[in-house]
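If you want the building blocks of each chain, they are given just below.
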There are 2 protein chains.
Amino acid sequence: MSGEDNLLKLVEVEAPDDQDYLLQDQVGFILRKAHQRHVSIFASHIGDLTPPQFAALAKLRDVGETSQNQLGTLIAMDAATVKGVIDRLKARGLVELSKHEVDKRRLLVDLTTEGRDAIDRLIPLAREITRETLAPLSAKEIATFTRLLAKLA
Amino acid sequence: MSGEDNLLKLVEVEAPDDQDYLLQDQVGFILRKAHQRHVSIFASHIGDLTPPQFAALAKLRDVGETSQNQLGTLIAMDAATVKGVIDRLKARGLVELSKHEVDKRRLLVDLTTEGRDAIDRLIPLAREITRETLAPLSAKEIATFTRLLAKLA
DNA sequence: GGAAATTCATTCGTATGCAAATGATATCAA
DNA sequence: TTGATATCATTTGCATACGAATGAATTTCC
């Protein structure tokens with residue numbers, strides 16, 4: 001290798017390196033991984049319901065009968081997604097559907113007795129899921145993290 | 001309303017209320033929403049590539065040719081998911097596949113020239129996506145949040 | 001050397017997640 | 001009142017995401 005070649009190589013190696021984009025440091029990538037980890041913890045405690053299905057039941061428990069669309073808004077799901085979730089909960093007898101008497105566009109959703117029993121039973125497990133998800137953090141860190149995460153969401 | 005009724009109502013209102021499970025305060029629910037917001041910001045800047053597709057290209061840029069499975073490990077995707085992502089990138093001519101000469105099980109993936117050009121062009125947009133995702137936080141909050149999020153992921 | 005265990009990749013089935021198009025109904029406004 | 005607009009729900013198409021099953025190739029270990 002000639003002297004000129006060595007010089008050239010040094011220049012290349014020390015170039016500003018626009019490559020300093022590290023995927024593993026980007027917030028979007030880490031958010032995706034943190035979300036994956038949570039879903040995995042969820043599944044290990046509640047195997048027969050997905051987080052979106054649980055969210056639908058938990059929110060219905062809070063607000064009672066609502067329209068499908070309104071429920072979607074409350075649990076951050078678009079109309080197409082919430083339909084699938086509700087369809088599967090209905091197929092399992094956990095929610096029931098009825099038509100709105102006045103506004104014929106609306107499809108009302110409510111918990112069945114089985115649905116209410118199920119969500120009441122699952123709430124303690126859900127608390128444990130939250131606890132385990134946050135286990136890597138101290139109490140003070142949990143407070144900080146939750147506050148900042150909420151600002152992003 | 002009788003005095004007994006008032007008494008009864010007070011008792012109910014002050015009951016321990018195991019209902020104090022608020023979906024919107026649970027870390028899993030907020031994580032899901034924060035992730036949704038990020039994906040939406042991503043799509044507004046990079047419309048013709050999804051975050052997983054971008055992740056695959058960005059990681060290939062870092063590490064060069066690897067096996068499909070190894071790439072999946074690096075970007076936190078299981079084998080079934082990474083296959084679909086790579087298939088779509090291949091169909092668009094951004095990556096190319098070849099068989100490993102020695103280990104016949106392995107399918108090697110690498111960027112094409114077009115793929116390298118594309119990812120080099122997109123990196124600046126990705127920086128902006130990260131910036132916009134974190135925009136609700138101050139510089140100090142960003143440092144704290146990123147550190148804690150990484151502990152969870 | 002050869003059986004057992006492991007790894008790599010593929011396929012199938014199910015469940016989000018969202019954009020876009022469609023149809024039915026309701027509301028608003030000229 | 002009626003025509004434009006908005007809302008509610010559904011459907012289709014595409015893209016993750018992952019468990020489970022399968023088959024091929026490799027590695028381990030006796």
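Because the structure is predicted, anything quoted here is derived from the model rather than measured.

What counts and how
- Residues numbered from 1 in each chain as written.
- Chains lettered and ligands numbered in written order.
- Predicted model: local features only at pLDDT ≥ 70, side-chain atom pairs only at ≥ 80, totals over all residues.
- Heavy atoms only, no water.
- Helix = DSSP H or I, 4+ residues; strand = E, 2+ residues; numbered from the N terminus.
- Buried < 20%, exposed > 50% of the residue type's maximum accessible area, 1.4 Å probe, protein only.
- Contact = heavy atoms within 4.5 Å.
- Near = heavy atom within 4 Å.
- Polar contact = N/O pair within 3.5 Å; in protein donor to acceptor, adjacent residues only side chain to side chain.
- Nonpolar A, V, L, I, M, F, W, Y, C, P; charged D, E, K, R; others polar.
- Least-squares fit on C-alpha atoms with pLDDT ≥ 70 in both.

Undergrad: Pulling in residues and values, what's your account of the overall build of chain A?
TA: Secondary structure assignment for chain A yields seven helices and three strands. Written out in order from the N terminus, the α and β elements of chain A read α-α-α-β-α-α-β-β-α-α. Out of the 153 residues in chain A, the part that is buried amounts to 39%. Partitioning the contacts of chain A with sequence separation of at least 6, the portion at a separation of at least 24 is 52%.

Undergrad: Explain the protein's contact with DNA strand D to me, using residue names and the numbers behind them.
TA: Surrounding DNA strand D, one finds 23 residues, the nearest of these being Q68(A), N69(A), L107(A), T50(B) and R88(B). Of all DNA strand D atoms lying within 4 Å of any protein atom, the proportion belonging to sugar or phosphate reaches 81%. At a separation of 2.5 Å, a phosphate oxygen of DNA strand D approaches a polar side-chain atom of T50(B). Contact distances for DNA strand D include 3.1 Å between a phosphate oxygen and a backbone N or O atom of K104(B). Only α2 (27–45), α4 (68–74) and α5 (79–91) of chain A together with α3 (51–63) and α5 (79–91) of chain B provide two or more residues apiece to the surface near DNA strand D. Among the residues forming the surface near DNA strand D, the class breakdown is seven nonpolar, seven polar and nine charged.

Undergrad: Residue-level account of the relation of the copies chain B and chain A, with values.
TA: Between the two copies, chain B and chain A, the superposition gives an RMSD of 0.0 Å; the rotation angle is 180° and the shift along the axis is 0.0 Å. Taken together, these values place the two copies in the relation of a two-fold axis. Minimal C-alpha distance to the rotation axis in chain B is attained by F145(B), lying at 3.1 Å. A share of 100% of the interface residues of chain B reappears at the interface of chain A, consistent with the copies meeting face to face through the same patch.

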